[in-house]
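Coordinate inspection notes
Letter by letter, the chains look like this.
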Amino acid sequence: MNNNENPYAVEDLAKFMRLAKKAEKPFIFITGAGCSVTAGIPLAQKIVSELNEKFALELKPLSDEDRRDYGKCMGRLEASKRREYLQKYIGTAKINWSHIALACLIKEGYIRRVLTFNFDNLLARSCGLLGQYPPTYDFTAANLNLHRLIDDPAIVHLHGQGHGFVQLNTDSETEEHAARLKEFVGHTLSESPTLFIGYSGKNDAFLPQIEEQFDDQHRLFWVDMGGQAPDHLQRKLLSSRLAHYMSCENGSDLFLIQLARELGCFPPTIFADPYQHLLDELDEIASFPISKNELSAHEENGAARFSDSTQDILLETKNKLKEVQRDRNGENDFLQEYLQGNYQKIVRILEVKDSLNHDQSLWLARSYLSLALEEPNELEKIRIYDKLINKFREGNILDIQEQVAKALVNKAVMLEKIGNLDDAVDVCGELLNKFSASSDLVIQVQVARALNGMGYSKLLKAKQQWSMPDEAKFYLNAALEDLTIALRLLPENLHAIILGNIAYIKFLQEKITQSETYLRKALHYGGRHLYEATLQDIVRFPINPDSEFKELLEIIWKEINE
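Scope of this entry: the structure provided in the associated data block. Keep in mind the model is a prediction, meaning the values are calculated, not measured.

Quick word on the environment of Val10
Relative to the elements of secondary structure, Val10 occurs in helix H1 (residues 10–22). Remark: the alpha-carbon pair of Val10 and Ala260, spanning 250 residues in sequence, is separated by 9.7 Å. If sequence neighbours within four positions are ignored, Val10 has contacts with Met246, Phe255, Gln258, Leu259 and Glu262.

Digging into helix H4 (residues 79–90)
With twelve residues, H4 extends 16 Å between its outermost C-alpha atoms, agreeing within 8% with the 16 Å of an ideal straight helix rising 1.5 Å per residue. Among the residues of H4, Arg82, Tyr85, Leu86, Tyr89 and Ile90 are the ones counted as buried. Viewed along the axis of H4, the buried residues span an arc of 135 degrees, placing them on a single side of the element. The exposed residues of H4 that point more than 90 degrees off its buried face are Ser80 and Glu84. Looking at the buried residues of H4, the elements they touch are helix H2 (44–54), helix H3 (70–75) and helix H7 (171–180).

A short note on the packing of aromatic side chains
Inspection of every chain in the model, using the stated rule, returns 21 aromatic pairs. Relative to Tyr85, the ring of Phe55 has its centre 6.5 Å away and its plane inclined at 75 degrees; by these criteria the two rings are edge-to-face. Residue Phe55 is found in the loop between H2 and H3, and its partner Tyr85 is found in helix H4; the two are separated by 30 residues along the sequence. Phe55 gets classed as buried once you look at its relative accessible area, which sits at 7%. Centroid distance Trp97 to Phe266: 6.1 Å. Interplanar angle 70 degrees. Geometry classified as edge-to-face. Of the two residues, Trp97 sits in helix H5 (residues 97–107) while Phe266 sits in the loop between helix H11 (252–262) and helix H12 (269–272), which places them 169 residues apart along the sequence. Here Phe266 falls in the buried class, since its relative accessible area comes to 6%. Three or more aromatic residues joined by ring pairs make a cluster, and in this case those are Tyr8, Phe16, Phe27, Phe29 and Phe221. Over the face of the ring belonging to Tyr110 we find Lys21, whose NZ or CZ atom lies 4.4 Å from the ring centre. Lying over the aromatic face of Trp363, Arg366 brings its terminal NZ or CZ to 4.6 Å of the ring centre.

Section: helix H23 (residues 469–489)
With 21 residues, H23 should cover 30 Å at 1.5 Å per step; its first-to-last C-alpha distance of 31 Å lies within 8% of that length. Within H23, burial applies to Ala472, Tyr475, Leu476, Ala478, Ala479, Leu480, Asp482, Leu483, Ala486 and Leu487. In this structure, the buried residues of H23 make contact with helix H22 (441–464) and helix H24 (496–508).

A look at the pattern of salt bridges
A full pass over the atoms with the stated rule returns 28 salt bridges. Between Asp152 and Arg112 there is a salt bridge whose closest N-O contact spans 2.6 Å. Taken together, the residues Asp152 in the loop between strand S3 (136–138) and strand S4 (154–157) and Arg112 in strand S2 (residues 111–116) connect sequence positions 40 residues apart. In this structure, Arg520 and Glu559 form a salt bridge, with 2.9 Å as the shortest nitrogen-oxygen distance. Here Glu559 lies in helix H26 (residues 545–561) and Arg520 lies in helix H25 (residues 512–538), a separation of 39 residues in the sequence. Residue classification places Arg520 among the buried positions, given a relative accessible area of 16%. The exposure class of Glu559 is partly exposed, given its relative accessible area of 31%. Among the charged side chains, a network of salt bridges with common partners joins Arg112, Arg113, Asp152 and Glu191.

Topic: the side chain of Asp120
By the secondary structure assignment, Asp120 is in the loop between S2 and helix H6 (122–129). One buried charged side chain, Asp120, makes no salt bridge at all; its nearest oppositely charged neighbour is Arg125, positioned 7.3 Å away. A polar side-chain atom of Asp120 sits 2.8 Å from a polar atom in the side chain of Ser36. A distance of 3.1 Å separates a polar side-chain atom of Asp120 from the backbone nitrogen of Leu122.

Overview of the packing of helix H8 (residues 182–191) against helix H9 (residues 206–213)
The N-to-C vectors of H8 and H9 enclose an angle of 50 degrees; their axes lie 9 Å apart at closest approach. With respect to H9, the element H8 is oriented oblique. The crossing of H8 and H9 is right-handed. Together, Lys182, Val185, Gly186 and Leu189 of H8 and Phe206, Gln209, Ile210, Glu212 and Gln213 of H9 make up the contact between the two elements.

Overview of the pairing of strand S1 (residues 27–31)
Buried residues dominate S1, accounting for five of its five residues. Neither face of S1 is left uncovered, since the one carrying Phe27, Phe29 and Thr31 and the one carrying Ile28 and Ile30 both have all their residues buried. One ladder, built from four bridges, connects S1 with strand S5 (residues 194–197); its direction is parallel. Each residue of the ladder has a partner; that of Phe29, found in S5, is Leu195.

As for unusual backbone geometry
Here the bond from Asp152 into Pro153 is cis, since omega is -5 degrees, no more than 30 degrees from zero. One can find Pro153 in the loop between S3 and S4. With omega at 10 degrees, the peptide bond leading from Phe266 into Pro267 counts as cis. For Asp216, which is not a glycine, the phi torsion comes out positive at approximately 65 degrees. With respect to the element layout, Asp216 can be found in the loop between H9 and strand S6 (220–224).

Considering the sheet that holds strand S7 (residues 243–247)
A sheet is described by the order of its strands in space; here seven strands give the open sequence S3-S4-S2-S1-S5-S6-S7, paired in parallel fashion. Two strands bound the open sheet, and with one partner strand each, they are S3 and S7. Sheet twist, expressed as the mean angle between neighbouring strand axes with direction ignored, is 20 degrees. With five bridges connecting them, S1 and S2 associate as parallel partners. Its bridge partner lying in S2, Phe29 is registered against Val114. Across the sheet, H1 lies against S1, S2, S5, S6 and S7, angled at about 130 degrees from S1, the strand it touches most.

Reading the values: rules and limits
Residues numbered from 1 in each chain as written. Predicted model: local features only at pLDDT ≥ 70, side-chain atom pairs only at ≥ 80, totals over all residues. Heavy atoms only, no water. Helix = DSSP H or I, 4+ residues; strand = E, 2+ residues; numbered from the N terminus. Contact = heavy atoms within 4.5 Å. Expected span 1.5 Å × (residues − 1). Buried < 20%, exposed > 50% of the residue type's maximum accessible area, 1.4 Å probe, protein only. Arc of directions from axis to C-beta. Phe/Tyr/Trp six-rings, centres within 6.5 Å; stacked < 30°, edge-to-face > 60°. Lys NZ or Arg CZ within 6 Å of the ring centre and 35° of its normal. Salt bridge = Lys/Arg side-chain N within 4 Å of Asp/Glu carboxyl O. Lys, Arg positive; Asp, Glu negative; His and termini not counted. Polar contact = N/O pair within 3.5 Å; in protein donor to acceptor, adjacent residues only side chain to side chain. Axes fitted to C-alpha atoms, helices over the stretch in contact; angles between N-to-C directions. Parallel < 35°, antiparallel > 145°, perpendicular 65-115°, else oblique. Left-handed = near helix turned anticlockwise from the far one by under 90°. Pairing = 2+ DSSP bridges.

Spelled out as structure tokens, the structure:
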């Protein structure tokens, strides 16, 4: 791979997209499941786990290895059961920020077409939210010979739609369909720069088509959460000098928001100026028709055909919106500033005020938290978290206390990262004392994160005390207790990191079979991100068993990838 050093940042990608738009060859984006996960639609690993639980009878003929394969599991189910299972996620999915950012880029002409492997309609809904309605094509039902007639900007569902007649899930279905898409893939890659995001390409019949058809006519960008490109991409596709790997380690939402900001099309008008957005939408509505019996007698006698028999009945609504819009001009619009990433500006305005109302307090707390998350220096991060905690610690308003809870957890993570393990445990303890009785789901997630943080810090303490077996055993047992409680509090889609920590503890307790079970499940949920994080964790305070645990990790990760 020529680009293993990942030379391009989001700012560079934005420059390439400006050049492509100017050349009248806007980018084509190809999206996968990673773009929909924050909308509530799980990745393949979780789906496979659920299928094994829900359809144990149907999957009984499969080998243990095949039961870990998404396509093979789906292949054992009737089409009606597949549709019913997936619809429970697709039908309840929320519009997420990846798709809002994509809709912004489409609206401003930076993306000409989005091809998606996903069944959900999140991009169409996001475009509608912004007042645009690009044509949508379902390539399981379309005549693929007519692909040159696509009217851009467009959304193309490669494997079907959730409400369509066909959804391609099985290996045989996707392999046959990939062969039919060969000409379309070649045409796509040869007419515009292309960006893949949220799509792994692993064990997939579509990737060989991309590898075969990509011929350096335009650049190709591959965006993934890993710190470096996975082996299956490095072997061929990314060996080209015009194919580039980019990391979105914080997920597709933040990556695409940053990209849209760089290109000056975020936030969209509906959030930056909702009154103007409504006015723009109302301007698209024709005047209201007047029924014949409402016309005057003069109009009835022949003049009606020359008269204007409509009324702009929305005029009063439009005027009220304009009035509210005028009244708000001059007020600080903290939502718009926040969406544009101007956290320091919000802090500067609000910190000097003698008193803050609820909304101002919430925006200040949010901005402190976001500033800290962006800050690269660990000690400065802790300082900003302390400002948030100290200012709002004594309050009792729920949405502001959620910010305090997040700050406490994140502060503990930073303290653990710089080696202050006892202080990290104390901060987690402060959070538990303050919030463990809360019934709020968001607060409960932070309580679980604090318990995971305490458990992980105690695990590290056990490694520090490894030469003293009784001390090490005490800390391992205490860590396991914290992590077990955390596991009960969190929804299943957030279990990966806790399961990974439990797997590590079980291994150090010489319970190898249990460790393997937990580790396999953790990697199924957490994927490459958890694998890479575990590699980093192993080398902290190294002890003799670490090398054997690393061997186990590598074996299971290889099995999952194969």
